[in-house]
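# Tertiary structure, described
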Amino acid sequence: MTPDGTADRLLPGLRTPSNQVSRRAVTYWTARAALNGLVVVAVEVVVVIAGGLAPGWWIAVALSAIIGAVHAAIMPHWRYRVHRWEVTDQALYTRSGWFSVQWRIAPISRIQTIDSHRSLGERIFGLANVTASTASAAGPVHIRGLDLSTADRLLDELAIATGQIPGDAT
Amino acid sequence: MSGSASEPDVVWLRLSPRSLIVRPTMDLLRLLPFLLGLLYLRSRGGSANYWGVGFALLAVVASIVRWLTTRYRITDERVYVRRGLLSQKVLSVSRDRVRTVDLSAHVLYRMLGLRRVSIGTGRNDRRDGESFRLDALTLADAEALRALLLAAPVVRFATSTAGGEPAAVDAAGIGPAGVRHARVRPAQLGPAGVWPEASAHFDAAAAVAGDTEIARLHPAWIRFAPLTLTGMVIIGVIFGFIVQFNDAAHIDVAAIGPVHSLGVEYAGVPLGLRILGGVLAVVFCIAVISTAGYVAVFWNFRLVRLGDGSLRQTRGLLSTRSTTIDARRLRGVEISEPLLLRAAGGARCIAITTGLRVGRGAERGGSLLLPPAPRSVARRVAADVMGITEQLCTGALVQHGPRARRRRYLRALASSALIIGVVALVCWAASGPAWIWLGSLVLLPLGAALAADRYRNLGHRLTEGRLVTCTGSLVRRRSILATEGIIGWRLHQSWFQRRQGLVTLTATSAAGRQHYAARDMPAAEALAVATAATGQLVRPFLAAGQDG
């Protein structure tokens, strides 16, 4: 396979994995971040009121509300631009993260299990993730925020590809 | 040989009946502090006198049930272990997934001629309760089992280290190195045919050249023992036990005659001397206990390469342990040097192998290739085991450049500054004396020294088909990983690293620590190393013009 495609703007020596995740993932991440932010702010409000703390503490509450809002506004779009994946007949190649970015290259021949897990939130937004684990406990390769049909297709593809290679994948 | 799933003709085997003696005894020993407590309560007029008997009975019954319900069998294709009374569980693993077979024995096991067998399978050892452990088999059965499971393509069967049972082992020939090659037919297995390949392998083994010794414990190495600080952990445990016993049993240790008089004398000494004396006493205790521990664990240590290329490590003064590492599972070696050991010119050597995970409880000792010993010996052993030049274990590495150095300093100094800030804040809030936070300023030069050492040690190199990475200061580790053992790459770049064009390259592996990282490499260098190590894997994902 000849190297082609655009150079990775984050790490110029690599090329960008070809596929983006589902656009709906942005909505899902936004909703999740907003919900988490709300929970944190709610807990703080309860603590300040129930604890009878000085009014000055409301500044801290407001500050964390602003941080939460900014996080929910910025993180999902940033993450959407970073998260990418690609499957060739030889390897699985992913890029993920936002503030910190991680690239993973895992040979198809070393993949041991492929599974898909859908949280409640992902089900509401019609999303799925695919997890490929290798014989290394260093951490499986995740592709998060795929739409359902893509995830199903990917699962089938990987299952067929990994089933064809004998050996114990270590 | 047909590999049908059930293979009903292969019998299920039991553990040795002698383990019925061992298990209750071990359980009771473990319960001893508790039973002593009960005895003590009873002496004070409590009604707890039947509890001790009850627990003892329970231990005996539990061990009988365990013995009755635990069975194992070895078919041509798979190893099965069945256990459990109410919820029966059958574990099975394909025989070609067996990576290591580890025999260990406490004093009691040795007296009874028993061995505990742990079968390392790589995947199942992650979860508790799913381990392939047979507790216990007779020595002859255990060694035959090990030989059988690791038999591919030929197996060597050396004389046993702790006095075997001659009845079960009839010698078939004496090898060139004076090693007895034995045809093994464990008494329990009955007539031949249960383990069809076993005898054939042993016959073939007789033709193989003798074992070669790679390393043997030299008594002078015991000088490194006090530097391992294992004594510190033991002292901590003993201290904790005394405090707990003190609380639970309402015994005031400080009121006991000799302890009390010692305390009174001690109180009369000036403060400076008291601190000095205390520190010296603790250091002395740590040194003595560490040395005793080193001798107990590593006495008779021997690392041998068997005729079929596998490595066998045997050791132990009272409890013996013998681990065989299949050569096909060996992916690399690690030379580790904790700071004190490094200062004294010592090092340890650990195998990077699939099936034995580094630093995991009971399996921890299994991957050890060399106890704390002179650095030159560690390097020779590492080179010998891997079949590489010693240059790889000693030679200079590619350093990661000034930006990596700056990051080391920045991180060390920033964390020092953070601690100093917190200490100063607490001092100010609690209006404590100023010397406390002024004293904490010493963290700055310490942090700088740490950063300098961390940078000096940081490096990587790719030659002879091995990826060498070195990292750390308090524990310096040089890992030499065969590139065939690399089963994937992870490149990690934080926002700060991105601004400096650095990246952390991690090779993932099914062996040892599972991931071996080279921190803060210049991005281009990281990609070049990954490409050179596993070209076919990485090349398709390089940007145009970066090929090669």
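What comes next concerns the included structure. All values derive from a computational prediction rather than experimental measurement.

What chain A contains, in helices and strands, is 4 helices and 7 strands. Helices and strands in chain A line up, N terminus first, as β-α-α-β-β-β-β-α-β-β-α. Relative to a compact globule of 170 residues, whose C-alpha radius of gyration would be 15 Å, chain A shows 20 Å and is clearly more extended. Counting over 170 residues, chain A shows a buried share of 45%. The long-range share in chain A, meaning contacts at least 24 apart out of those at least 6 apart in sequence, stands at 51%. Counting 15 positive and 12 negative side-chain charges, chain A places the centres of these two groups 7 Å from one another.

Below, the discussion takes up the interface of chain B and chain A. Many authors give the size of an interface as the accessible area that is lost as the parts come together. Taken together, the 37 residues of chain B in the interface contact 34 residues of chain A. Interface of chain B and chain A: buried area, both sides summed, is about 3,200 Å²; carbon and sulfur atoms make up 60% of it. For the chain B face of the interface with chain A, the top three residues by lost area are Ile487(B), Leu491(B) and Phe541(B), together amounting to 23%. Summed over the shared surface of chain B and chain A, the result is 0 salt bridges.

Here is the key point about a regular strand: its side chains alternate between the two faces of the sheet. Residue and element names in this part refer to chain B. The sheet contact formed by strand β10 (residues 212-216) and strand β11 (residues 302-305) spans 4 bridges and is antiparallel. Looking at the pairing, Glu 213 lines up with Val 304 of β11. Of the pairings in the sheet, the one linking β11 to strand β12 (residues 311-315) comprises 4 bridges and is antiparallel in character. Following the sheet pairing, Arg 305 is matched in β12 by Leu 311. From the end of β11 to the start of β12, which pair antiparallel, there are 5 residues, and Gly 309 there has a positive phi angle of about 95°.

All names here are of chain A. Two elements in contact, helix α1 (residues 24-50) and helix α2 (residues 57-82), have axes separated by 8 Å at closest approach and are oriented at 170°. In terms of axis orientation, α1 runs roughly antiparallel to α2. Together, Val 26, Trp 29, Thr 30, Arg 32, Ala 33, Ala 34, Val 41, Glu 44, Val 45, Val 48 and Ile 49 of α1 and Trp 57, Trp 58, Val 61, Ser 64, Ala 65, His 71, Ala 72, Met 75, Pro 76, His 77, Arg 79 and Tyr 80 of α2 make up the contact between the two elements. For the contact of α1 with α2, the per-class residue count stands at 16 nonpolar, 4 polar and 3 charged.

All names here are of chain B. For helix α8 (residues 271-298), with 28 residues, the first-to-last C-alpha span of 40 Å sits near the 40 Å given by 1.5 Å per residue. Considered for burial, the residues of α8 that qualify are Ile 286, Ser 290, Tyr 294 and Phe 298. Asn 300 lies just past α8 and shows a positive phi near 65°.

With that settled, consider the nonpolar core. In this structure, Leu303(B), Leu311(B), Leu369(B), Leu370(B), Val381(B) and Val385(B) are the most contacted members of the largest nonpolar core, which totals 38 residues. Apart from residues lying up to four places away in sequence, Leu369(B) is in contact with Phe301(B), Leu303(B), Leu311(B), Ile325(B), Val333(B), Cys349(B), Ile350(B), Ala351(B), Val381(B) and Val385(B). Grouped together as the second largest cluster of nonpolar side chains are 32 residues, Leu10(A), Ile105(A), Leu481(B) and Tyr516(B) included.

Turning our eyes to something else, we now look at a nonpolar patch on the surface. All names here are of chain B. Nonpolar side chains collect at one region of the surface, where Leu 229, Met 232, Val 233, Ile 234, Val 237, Ile 238, Phe 241, Ile 242 and Leu 340 lie side by side and expose about 780 Å² of accessible area between them. Counting residues per element, the nonpolar patch draws most heavily on helix α6 (residues 230-249), which supplies 7 residues. By the secondary structure assignment, Phe 241 is in helix α6.

For the structure on display, the rule yields 10 aromatic pairs over all chains. Here the aromatic rings of Trp98(A) and Phe99(A) are separated by 6.3 Å at their centres, their planes lie at 65°, and the arrangement is edge-to-face. Take Trp98(A): its relative accessible area is 24%, and that puts it in the partly exposed class. Of the residues examined, Phe99(A) reaches a relative accessible area of 33% and is grouped as partly exposed. Site record: aromatic cluster; members linked through ring pairs are Trp78(A), Trp98(A), Phe99(A), Trp495(B) and Phe496(B). The ring of Trp67(B) carries Arg14(B) above its face, with NZ or CZ at 5.1 Å from the centroid. The ring of Tyr80(B) has Arg73(B) sitting right over it, with the charged end atom 4.8 Å from the ring centre.

Residue and element names in this part refer to chain B. Relative to strand β22 (residues 515-522), strand β21 (residues 502-509) runs antiparallel, the two being bridged by 6 bridges. Across the sheet, the residue bridging to Thr 508 is His 515, located in β22. The antiparallel pairing of β21 with β22 creates a hairpin that spans 5 residues between the two strands, and Gly 512 there sits at a positive phi of about 55°.

Before going further, it helps to examine the packing of helix α12 (residues 401-429) of chain B against helix α14 (residues 443-457) of chain B. Residues and elements named next belong to chain B. Where α12 contacts α14, the axes come no closer than 8 Å and their chain directions differ by 155°. Comparing the axis directions of α12 and α14 gives the class roughly antiparallel. Taken as a pair, α12 and α14 cross one another with a handedness that is right-handed. In this structure, α12 contributes Gly 401, Pro 402, Ala 404, Arg 405, Arg 408, Tyr 409, Ala 412, Leu 413, Ser 416, Ile 419 and Ile 420 to the contact, and α14 contributes Leu 443, Leu 444, Gly 447, Ala 448, Ala 451, Ala 452, Arg 454 and Tyr 455. Grouping the constituent residues of the contact of α12 with α14 by class yields 13 nonpolar, 3 polar and 3 charged.

A few words now on the pattern of salt bridges. Pairing between side chains becomes possible if they bear opposite charge and their charged atoms approach one another. Residue and element names in this part refer to chain A. Throughout the structure, instances matching the rule amount to 18 salt bridges over all chains. Residue Glu 86 is joined to Arg 15 by a salt bridge in which the shortest nitrogen-to-oxygen separation is 3.0 Å. Taken as a pair, Glu 86 in strand β2 (residues 84-87) and Arg 15 in the segment before β1 (19-20) lie far apart in primary sequence, 71 residues in all. Across this residue pair, the class does not change: Glu 86 and Arg 15 are buried.

Residues and elements named next belong to chain B. Taken together, 7 strands build an open sheet; the order of strands is β7-β6-β5-β13-β12-β11-β10 and the sheet is antiparallel. Where the open sheet ends on each side, the last strands, each with one partner, are β7 (132-138) and β10. Averaged over all neighbouring strand pairs, the angle between strand axes comes to 20°, with direction disregarded.

The rules behind the values
- Residues numbered from 1 in each chain as written.
- Chains lettered and ligands numbered in written order.
- Predicted model: local features only at pLDDT ≥ 70, side-chain atom pairs only at ≥ 80, totals over all residues.
- Heavy atoms only, no water.
- Helix = DSSP H or I, 4+ residues; strand = E, 2+ residues; numbered from the N terminus.
- Rg over C-alpha atoms; globule rule 2.2 N^0.38 Å.
- Buried < 20%, exposed > 50% of the residue type's maximum accessible area, 1.4 Å probe, protein only.
- Contact = heavy atoms within 4.5 Å.
- Lys, Arg positive; Asp, Glu negative; His and termini not counted.
- Charge placed at Lys NZ, Arg CZ, Asp CG, Glu CD.
- Buried area = accessible area lost by both parts, 1.4 Å probe.
- Salt bridge = Lys/Arg side-chain N within 4 Å of Asp/Glu carboxyl O.
- Pairing = 2+ DSSP bridges.
- Axes fitted to C-alpha atoms, helices over the stretch in contact; angles between N-to-C directions.
- Parallel < 35°, antiparallel > 145°, perpendicular 65-115°, else oblique.
- Nonpolar A, V, L, I, M, F, W, Y, C, P; charged D, E, K, R; others polar.
- Expected span 1.5 Å × (residues − 1).
- Core = buried A, V, L, I, M, F, W, Y, C linked by side-chain atoms within 4.5 Å.
- Patch = residues over 30% accessible without salt bridge, like charges linked within 9 Å, V, L, I, M, F, W, Y side chains within 5 Å.
- Areas by Shrake-Rupley, 256 points an atom, 1.4 Å probe, with all protein chains shown as cover.
- Phe/Tyr/Trp six-rings, centres within 6.5 Å; stacked < 30°, edge-to-face > 60°.
- Lys NZ or Arg CZ within 6 Å of the ring centre and 35° of its normal.
- Left-handed = near helix turned anticlockwise from the far one by under 90°.

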